[in-house]
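Notes for the structure review
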Amino acid sequence: MKKKVAFITGINGQDGAYLAKFLLDKNYSVHGLLRRSSNSKLSRIDYLNIINKITFHSSELNEFKNIEDIIKKIKPDVIYNLAGQSFVQYSFNNPSYTFDINLHSVLNMLEIIRRNKLDTKFYQASTSEMYGNSNVDLQNENTIFQPASPYAISKTAAHHLVVNYRANYKGFFCSGILFNHESFLRGIEFVTKKITDGLVGIIHENTKPIRLGNLDAKRDWGFAGDYVEAMYLMMHYKKPDDYVVATGQTKSIREFIIIACSYLGLCPVFEGEGLNEICYDKKTNKKLIIIDKKYFRAQEVHRLKGDPSKIKKTLKWKPKYNFEKLVEHMVKSQIDNLNSKKKFIF
Ligand code: NAP
Ligand code: G4F
C-alpha cells in the first residue's frame, strides 16, 4: 500500500522532531522543511535517531513560491505547520518579523491549498497565549482571546484565518490550541529547560546560578510527546475542528523549581523580595537562582489553565505524563546527556 505523505514545517523544532518520529512509527513518508543555517541544527532529530528516514526541503517559511513548489512536488496528504517564531519575549522587540512568520506564512499555505484545489489536510499550531490574561478559571475552545504580546496576536490572527478558511472553503483545516508543553528537547531559552539544565549544571559542573524573571507566573505544563499525539488524532478525525490540549493543572515557575530540586536532592530556600529575591540550597548554601530584570516581559501572562474535556471526550486523547513525571524526565535526561559521550544542545 502507498505510504501517506506528511509535510512538517519546523521539523527540527521540539514538536517537529517528536511528530516526525510519531508519524514514521505510523508508517508515514515524512518530509520536513528546514531553513538555511550556518550549522546543521539537526540535533533533536539526531537525538531521536531519525535523520536518515526524513526527506528535507530547504526554504524560509515565508517564501510563497518555494513553499508552493515543495507542496506541489511532494503532494502531501497532511501538512503540520509547526514552524514559527515561538519565543514570546523575542516578539516584543521583533513584532514585524513575528507577524511575517507566524501569520503571513499561514495565509500563504492556506492559499496554496485553496488555489491549487488540493485535498491536503492542514494543522495549525495555535497556542494558549491567545487567551492572555483571561479571567476565566479554565480556558476552553469558547473562551475569549485577549492576546497580550505580538506573538499572541500573530497566532490569534492565524487561528482566525484557519477557522475562516474552514468555513469558507470547506477544507480540512484544523487548529490545536496547545498549552505549554515541554521535554528534554525544549529550546534552552524557555523557562523549564533553563531551570532543569541550569540546576543539573550547578550540581554536576559547578556552573553559575540561573538568572530568571517572574517566578510567580503559572502555566499548564504537559509533555511534548503526548501533545504531538493530540495533533495526529485531530488530523485523523472524521471532521476538522479546533481543540484545546492541556493537562487541566496549573503550576508556578517557583513550584517547577521546587520539584526539579527534589529530583536532584536539593533543598531550595527562597529569600528576599522582587529583584532582590534569591534561591539557595539549604544544605550547601549554594546559590541556585538570581532574579534578573532582563527576563521580565513588557506584559506578562500571569496564569494559564486549560480544559481538555473536548479532546478527551471526542478524540479519546489521554496524556501519559503528569507534571511531576515531566519534570523528572527533563532532569534525568539532562543528567544522562552530561554523562554520555555525545552531548546534545538544543
Ligand atoms: P520550536 O522548538 O521553537 O521550533 C520552531 C521551529 O520553527 C524550528 O524548527 C524553527 O527552525 C522553525 N522556524 C522558525 N522560523 C522559521 C522560518 N522563518 N522558516 C522556516 N522555519 C522556521 O517550537 P516548538 O516548541 O516545537 O513549537 C512548535 C509550534 O507550536 C510553534 O509554532 C509554536 O509557536 C507553537 N506552540 C508551541 C507551544 C509549546 O509549548 N511548545 C505551545 C503552543 C504553540 P530553526 O531551528 O531554523 O529556528
Ligand atoms: O517558558 P516561557 O518562555 O514560555 P511562554 O512564554 O509561556 O511561551 C511558550 O508557551 C506558549 C504556550 O502558552 C507557546 F505558545 C510559546 O511558543 C512558548 O512555547 O515562559 C513561561 C513563563 C513566563 O511567564 C515567563 O515570564 O516563565 C516566565 N519566566 C520567568 N523567568 C521566564 C523566565 N521565561 C523565560 N523564557 N526565561 C526566564 O528567564
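Criteria and cut-off values
- Within each chain, residue numbers correspond to sequence positions counted from 1 in written order.
- Labels follow written order: the first chain is A, the first ligand is 1, and so on.
- Restriction of local features to residues with pLDDT of at least 70 applies here, the model being predicted, together with a cutoff of 80 or more for giving and counting side-chain atom pairs; totals for whole chains, interfaces and linings are based on all residues.
- No hydrogens and no water enter the side-chain calculation; it runs on all heavy atoms of the structure.
- Both site types are read off a 1 Å grid over the protein atoms alone. A 1.4 Å probe that fits but cannot get out defines a cavity, while an open set with protein on both sides within 12 Å along at least five of seven lines defines a pocket; lining residues have an atom within 4 Å of a point.
- Grid points are joined across faces, edges and corners, and a volume is the space filled by probe spheres set on the points.
- As a working rule, the residues Ala, Val, Leu, Ile, Met, Phe, Trp, Tyr, Cys and Pro are called nonpolar, Asp, Glu, Lys and Arg charged, and the rest polar, with Gly in that last group.
- Numbered from the N terminus, helices here are DSSP runs of H or I no shorter than four residues, and strands are runs of E no shorter than two.
- Here the expected span of a helix is defined as 1.5 Å times the quantity of residues minus one.
- Only protein chains enter the accessibility calculation, which uses a 1.4 Å probe; a residue is then buried when its area is under 20% of its type maximum, exposed when over 50%, and partly exposed in between.
- We call a residue near a molecule or strand whenever a single non-hydrogen atom of that residue lies within 4 Å of it.
- Polar contacts here mean pairs of N or O atoms no more than 3.5 Å apart (in protein, one a potential hydrogen donor and the other a potential acceptor; neighbouring residues in sequence count only if both atoms are side-chain atoms).
- Each accessible area is a Shrake-Rupley result for a 1.4 Å probe, and residues are judged covered by the shown protein chains and nothing else.
- Helix axes use the C-alpha atoms of the stretch in contact, all axes being lines fitted to C-alpha atoms, and the angles between their N-to-C directions lie in the range 0 to 180 degrees.
- Roughly parallel covers angles under 35 degrees, roughly antiparallel covers those over 145, roughly perpendicular covers 65 to 115, and oblique covers all other angles.
- For any helix crossing, the convention is left-handed if the near helix is rotated counterclockwise from the far helix by under a right angle, and right-handed if that rotation is clockwise.
- By definition, residues are in contact when any of their heavy atoms lie within 4.5 Å.

Turning our eyes to something else, we now look at empty space enclosed by the protein. This structure, assessed with the given rule, holds one cavity of 30 Å³ or more. Looking at the largest cavity, its volume works out to about 30 Å³. The class makeup of the residues in the lining of the largest cavity is four nonpolar, two polar and four charged.

The next point concerns helix α5 (residues 95–115). Taking 1.5 Å per residue, 21 residues should reach 30 Å; α5 reaches 29 Å between its end C-alpha atoms and fits that length. All of the buried residues along α5 are T98, I101, N102, L103, S105, V106, N108, M109, L110, E111, I112 and I113. In the segment just after α5, K117 is the residue with positive phi, at about 50°.

What follows concerns unusual backbone geometry. Positive phi is not limited to glycine here, since N49 has a value of about 65°. Note on placement: N49 falls in the loop between α2 (43–47) and β3 (54–58). Owing to a relative accessible area of 64%, N49 belongs among the exposed residues under this scheme. Phi angles above zero are rare outside glycine, and N285 is one such case at about 65°. Examined against the element boundaries, N285 turns out to sit in the loop between β14 (278–281) and β15 (287–291). When its relative accessible area of 58% is taken as the criterion, N285 is described as exposed.

What follows is about the site of ligand 1. Neighbouring residues of ligand 1: 24 residues in total, closest N12, R35, K41, S86 and Y151. Contact distances for ligand 1 include 2.9 Å between a nitrogen atom and a backbone N or O atom of L61. When ligand 1 is considered free in solution it has 890 Å² of accessible area, and contact with the protein chains removes 91% of it. At the level of elements, α1 (14–25), α5, β5 (121–127) and α6 (150–169) are the ones that each hand at least two residues to the shell around ligand 1.

Another point: the packing of helix α3 (residues 64–74) against α5. Contact pair α3 / α5: the axes reach a minimum separation of 10 Å and the direction vectors enclose 45°. Viewed along their axes, α3 and α5 adopt a mutual orientation that is oblique. Considering how the two elements wind past one another, α3 and α5 form a crossing that is right-handed. Contacts between α3 and α5 involve F64, I67, E68 and I71 from the former and N108, M109, E111 and I112 from the latter. Grouping the amino acids of the contact of α3 with α5 by side-chain chemistry returns five nonpolar, one polar and two charged.

Turning our attention to the packing of helix α7 (residues 191–205) against helix α11 (residues 323–339). Where α7 meets α11, the axes come as close as 9 Å, and the angle between the chain directions of the two elements is 50°. Considering the angle they form, α7 stands oblique to α11. Between α7 and α11 lies a crossing whose hand is right-handed. Counting all contacts with α7, which are made through T192, K193, T196, D197, V200, H204 and E205, the residues of α11 involved are M330, V331, Q334, I335 and L338.

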